[in-house]
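# Observations on the three-dimensional arrangement
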Amino acid sequence: MKKFAMILSAALIASAAFAASYKNNTYQKLAKEYTVKAQKALDAGEYALSEEYAKKAEENAALSEEYIRHMLAKDNADRDMKAAKERIAYVESIHGDVNFPIAYESAVKAYGQAEGAYTAEDYEGASRIAKTVLDTLAEIYEITPLPKYYIVRPWATDKDCFWNISGRPYVYNNPFLWENLYEANKSKLPKPSDPNLILPGMKMEIPSITGEYRDGVYSPDVEYEPYKPAK
């Protein structure tokens, strides 16, 4: 009889603990129904039947608890997956996928793993992995893009030539890469076969050579981060 009382008590406690959160939970409803039946059977002196109902109430209360835990985990996963997806989209919008390729690729791979866990209904795993996406992309910031164009200035004042322009930090930071500029712009030269003859005022294109993002015309008023070849 003592054992029965403990079972009935546990069922009642579990039933009360989760009723407020999920009133329409099927398991919760069954736990309540069996609890009522167990009490009625007990009052009628049908102890064996009462104990049977109490056990069923306990089983359904446990199922209700597991169901609620599962659904709360899903809610958390939905939130964390949404945050991770939005962060990836933001990083792409500021060209972080180009400027921070290692972190970006790692985050995208992790997000794919999170999607796999979510599909398998491993919501806790999906949430945990989604959070690693946010951690991986946390340090990515918007970088002023390197210039895509440069207006050639006079040799007398700026010593502009393919070699010198290529060596500037906002171009290639390496004069030996000058041929990239020449090949992209030789059709604009007075003599395409002569790379030494460039004219002031020419709008020179600075092609991307390692996938770096470039945009706009060079301005001396803008602070650019030095070009660094992708590793």
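The paragraphs below set out a description of the structure included in this document. Keep in mind the model is a prediction, meaning the values are calculated, not measured.

## Some details on the overall build of the protein chain
Along the backbone of the protein chain there are 9 helices and 2 strands. Listed N to C, the secondary structure of the protein chain is α-α-α-α-α-α-β-α-α-α-β in terms of helices and strands. Taken over 231 residues, the protein chain has a buried fraction of 33%. In the protein chain, 61% of the contacts between residues at least 6 apart in sequence involve partners at least 24 apart. By element, 54% of the accessible surface of the protein chain is carried by carbon and sulfur atoms, the whole surface being about 13700 Å².

## Section: the side chain of Asn 60
Considering the arrangement of structural elements, one finds Asn 60 in helix 3 (residues 47–93). A relative accessible area of 9% places Asn 60 in the buried class. Setting aside anything within four residues of it in sequence, one finds Asn 60 in contact with Tyr 27, Leu 30, Ala 31 and Tyr 34.

## A word on a nonpolar patch on the surface
A surface patch of nonpolar side chains, amounting to about 250 Å² of accessible area, comprises Tyr 27, Leu 63 and Tyr 67. By secondary structure assignment, the location of Tyr 27 is in helix 2 (residues 26–43). Tyr 27 sits in the partly exposed class, given a relative accessible area of 32%.

## Side note on the packing of aromatic side chains
The geometry of an aromatic ring pair comes down to the distance between the two centres and the angle between the two planes. Tallying each qualifying case throughout the model produces 13 aromatic pairs. Each ring, one from Tyr 27 and one from Tyr 67, has its centre 6.4 Å from the other, and the planes form 65°; the classification is edge-to-face. Highlighted residues: Tyr 27 in helix 2 and Tyr 67 in helix 3, separated in sequence by 40 residues. Considering the side-chain rings of Trp 163 and Phe 176, the 5.0 Å spacing of their centres and the 70° angle between planes classify their relative orientation as edge-to-face. Here Trp 163, found in helix 8 (residues 162–167), pairs with Phe 176, found in the loop between helix 8 and helix 9 (178–185); they are 13 residues apart in sequence, far enough to count as distant. Against the face of Tyr 149 rests Lys 203, its NZ or CZ located 4.5 Å from the ring centre.

Basis of the calculations
- Residues numbered from 1 in each chain as written.
- Predicted model: local features only at pLDDT ≥ 70, side-chain atom pairs only at ≥ 80, totals over all residues.
- Heavy atoms only, no water.
- Helix = DSSP H or I, 4+ residues; strand = E, 2+ residues; numbered from the N terminus.
- Buried < 20%, exposed > 50% of the residue type's maximum accessible area, 1.4 Å probe, protein only.
- Contact = heavy atoms within 4.5 Å.
- Areas by Shrake-Rupley, 256 points an atom, 1.4 Å probe, with all protein chains shown as cover.
- Patch = residues over 30% accessible without salt bridge, like charges linked within 9 Å, V, L, I, M, F, W, Y side chains within 5 Å.
- Salt bridge = Lys/Arg side-chain N within 4 Å of Asp/Glu carboxyl O.
- Phe/Tyr/Trp six-rings, centres within 6.5 Å; stacked < 30°, edge-to-face > 60°.
- Lys NZ or Arg CZ within 6 Å of the ring centre and 35° of its normal.

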